[in-house]
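# Breakdown of the fold
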Amino acid sequence: MKVGFVIGAVLSAIVLGLAVLSFVWTPYDITQLDVANKLKGPSDVHWLGTDHFGRDLLSMVMMGARTSLAVALVAVGIGMGLGIPLGLTAAALQGGWLDEVIMRGNDLIFAFPSLVIAILITAVFGASAVNAIIAIGIFNIPVFARLSRGAALSLWSRDFILAARVAGKGKARISWEHILPNITNLMIVQGTIQFSLGILAEAALSYIGLGAQPPTASWGRMLADAQTLLYIAPHTALVPGLTIVITVLGLNLLGDGLRDMLDPRLRVDRS
Amino acid sequence: MLIYTLRRLASLTVSLIVASFVIFAVIEVIPGDPASFMLGVNARPDTLAALRAELGLDQSLPVRYFAWVSGMLTGDFGISYTYKTPVAGMVADRIWVSLPLAIYALILSTAIAFPAGIYAASRRGGVGDTAVMGATQLGVAIPNFWFAMILVLIFAINLRWFSAGGFAGWDKGLFAGLWSLTLPAIALALPQAAILARVMRSSLLDMLGEDFMRTARAKGLTRRQALWRHAVRNAMIPVLTILGLQFSFLLAGGIVIEQVFFLPGLGRLIFQSISARDLIVVESVVMLLVFLVIVVNFLVDLTYAWVDPRLRRRT
């Protein structure tokens, strides 16, 4: 097992653990304002310090972890749930008009970066965590569709698929019984990558006010609040920022490690 | 090459048409009545009627769609409801901040990533390679807007080399303009440079194992000569794909970075318009961004064919 994978797994587990723990316990209640103790640096009372309302930053980070992980997880779910069936269908009907329509549709979504989708959605429906999920999720669909189509296409020319066809199985059944299990590893690895990208996207959207709205805690909003306080209380920006970096770094290392373990062909030549 | 270009041009046109349908549908069809959406629930009936007439909402959807598209094609982006000025003028002022910022960041990103990727590939497995790869792992994990805040903290607040925000304006001279875009461009460029360096490295490593590299060495080229003359040129194709994708990320990412530095670009225009519910501005600016992204990807496709003649025949 590689060092990177272990570090990644540990970092990811810590963040996940903090998010789960926040359901039963946080050091302080983040809805309680304590203005007398505002903008305090890290101490033994408040391990990571307090923000401009005197709220405990560790508690805010824990509650924010919930939002970030939930948004990114559901967005990956949307991308996989819609993207993989589309990709498998396109591969099964390779060269047909449906394949063409699906792939051109994918190209089109790529022309709308998730930020632009989010802008369109919020302009009409208003800002919320749900709309952030939709915006990030829509952008994930073509990622999984393309990847699963490419992987499925290379499988369709293999002998065991030919055997299945000779045995009289239809294209849908082959896709479900033979193609899907063979691309699962690849999808899990990509899922980890999209998950970490989702966390970055959620942070950016809530930073510019298009994501989760107060009182829901989110790392992006914490950074937006910290911006005007950079001069007097830099720790309010460092704490949520470093949390994001640690989370994304952990997930990326985990994803790389998973790729190495699940795909033996890549073990020799890693990039 | 001509047939290839024409085919790509046709698919570019289709993409643009479909994109315009999507944007029109989201902004003008889904809200039901854009006029009452823009004015809110407490609007007076006569104001509402006046805005409906101004927006041409009494006409049918196809008529409104064609009016919007033909307007955009002739440079008429409509009149902003909040500012009462032509949207085209507002966009023209701001695009001279957003576009130079994206290009500046792209140049920086390339200038950092190419040497880093080539260096890492040529010292594969060594200390230098490990250091570059470690740095890129960190680079892709850092949110660019947070990195921007850290840059402000160090270079604007502590060292006072740059101003913490705002744009000097091009009328103050090229240098003053570029100077005020430097921190934003670095913030945008570094995370993208990390991705690009990784692609450059892995693409080069693929090339180093090719037969033509052995041939090049066999005919007497040094490692360095073979690397620069043969491997780097061939490794450019996947790198170009990523460069094309990055430009759209830089344009969109610029929207966030503009917020950090209070730059008067398209991003700030969009946010002001969203909070003012000025749908006409949102619609046109989003269409313009999508147009830029699609055109850049089209240009990247053409560049491929130019770099790699094999592609011209295949598609």
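Here the structure is a predicted model, which is why all the values come from computation and not from measurement. (Residues numbered from 1 in each chain as written. Chains lettered and ligands numbered in written order. Predicted model: local features only at pLDDT ≥ 70, side-chain atom pairs only at ≥ 80, totals over all residues. Heavy atoms only, no water.)

## Focus: the overall build of chain B
When you go through chain B residue by residue, the secondary structure sums to 13 helices and zero strands. Going from N to C terminus, chain B has its helices and strands arranged as α-α-α-α-α-α-α-α-α-α-α-α-α. Projected onto its principal axes, the C-alpha coordinates of chain B cover approximately 85 × 55 × 35 Å. When burial is assessed residue by residue, chain B has 50% of its 315 residues classed as buried. Here the contacts in chain B between residues at least 6 apart in sequence split such that 72% fall between residues at least 24 apart. Of the accessible surface of chain B, which amounts to about 15,100 Å², a share of 66% is contributed by carbon and sulfur atoms. When the 26 positive and 17 negative side-chain charges of chain B are each reduced to one mean point, those points stand 16 Å apart. (Helix = DSSP H or I, 4+ residues; strand = E, 2+ residues; numbered from the N terminus. Buried < 20%, exposed > 50% of the residue type's maximum accessible area, 1.4 Å probe, protein only. Contact = heavy atoms within 4.5 Å. Areas by Shrake-Rupley, 256 points an atom, 1.4 Å probe, with all protein chains shown as cover. Lys, Arg positive; Asp, Glu negative; His and termini not counted. Charge placed at Lys NZ, Arg CZ, Asp CG, Glu CD.)

## What to know about the interface of chain B and chain A
On the chain A side, the residues contacting the 48 residues of chain B number 41 residues. When chain B packs against chain A, close to 3,700 Å² is buried across both sides, 81% of that on carbon and sulfur atoms. For the chain B face of the interface with chain A, the top three residues by lost area are F145, W146 and M149 of chain B, together amounting to 17%. Where chain B touches chain A, the interface holds one salt bridge. Salt-bridge contacts for D256 of chain A lead to R198 of chain B; the nearest nitrogen and oxygen are separated by 3.7 Å. Summed over the shared surface of chain B and chain A, the number is three residue pairs in polar contact (both at pLDDT 80 or more). (Buried area = accessible area lost by both parts, 1.4 Å probe. Salt bridge = Lys/Arg side-chain N within 4 Å of Asp/Glu carboxyl O. Polar contact = N/O pair within 3.5 Å; in protein donor to acceptor, adjacent residues only side chain to side chain.)

## Remarks on the packing of helix 5 (residues 129–156) of chain A against helix 7 (residues 171–207) of chain A
Residue and element names in this part refer to chain A. Viewed as axis vectors pointing N to C, helix 5 and helix 7 meet at an angle of 145°, and their least axial separation amounts to 8 Å. Crossing geometry of helix 5 relative to helix 7 is assigned as right-handed. Class assignment of the residues belonging to the contact of helix 5 with helix 7 gives a composition of 16 nonpolar, eight polar and two charged. (Axes fitted to C-alpha atoms, helices over the stretch in contact; angles between N-to-C directions. Left-handed = near helix turned anticlockwise from the far one by under 90°. Nonpolar A, V, L, I, M, F, W, Y, C, P; charged D, E, K, R; others polar.)

## Overview of the environment of W161 of chain B
Residues and elements named next belong to chain B. In this fold, W161 is placed in the loop between helix 7 (144–158) and helix 8 (174–208). Overall, W161 belongs to the exposed group, its relative accessible area being 53%. Those residues in contact with W161, other than ones at most four positions away along the chain, are F155 and W179.

## Comments concerning the domain arrangement of chain B
Residue and element names in this part refer to chain B. By the assigned domains, chain B splits into domain 1 (2–60) and domain 2 (91–314). Domain 1 and domain 2 are separated by 32 Å when their C-alpha centres are compared. Facing the 17 residues of domain 1 at the interface are 18 residues of domain 2. Summed over both partners, the interface of domain 1 with domain 2 buries about 1,700 Å², with 81% contributed by carbon and sulfur atoms. Among the residues of domain 1 in contact with domain 2, Y4, I23 and M38 are the three that bury the most area, contributing 35% of the side total. (Domains from an automatic or database assignment.)

## Notes on helix 2 (residues 57–92) of chain A
Spanning 36 residues, helix 2 of chain A covers 51 Å between terminal C-alpha atoms, matching the ideal 52 Å at 1.5 Å per step. Considering bend angle alone, the principal kink of helix 2 of chain A is centred on G83 of chain A and spans about 25°; proline P85 of chain A follows within four residues of it. (Expected span 1.5 Å × (residues − 1). Bend = angle between axes of the 7 residues up to and from the residue.)

## Some thoughts on empty space enclosed by the protein
The tally for this structure, following the rule as stated, stands at two cavities of 30 Å³ or more. Lining the largest cavity are D51, H52, L57, M60, M222, D225, A226, L229 and T236 of chain A. Residue assignment for the lining of the largest cavity shows that the elements contributing at least two residues are helix 2 and helix 8 (219–227) of chain A. Examining the composition of the lining of the largest cavity, we find that three residues originate from one element, helix 8 of chain A, more than from any other. Residues of the lining of the largest cavity, tallied by class, amount to five nonpolar, two polar and two charged. As for the second largest cavity, its lining consists of F110, P113 and F139 of chain A together with L245, S248 and F249 of chain B. Grouping the amino acids of the lining of the second largest cavity by side-chain chemistry returns five nonpolar, one polar and no charged. (1 Å grid on protein atoms, 1.4 Å probe; cavity = no way out; pocket = protein on both sides within 12 Å on 5 of 7 lines; lining within 4 Å. Points joined across faces, edges and corners; volume = space filled by probe spheres on them.)

## Focus on a nonpolar patch on the surface
A surface patch of nonpolar side chains, amounting to about 390 Å² of accessible area, comprises V14, I17, V18, F21 and V22 of chain B. The exposure class assigned to F21 of chain B is partly exposed, which follows from its relative accessible area of 46%. (Patch = residues over 30% accessible without salt bridge, like charges linked within 9 Å, V, L, I, M, F, W, Y side chains within 5 Å.)

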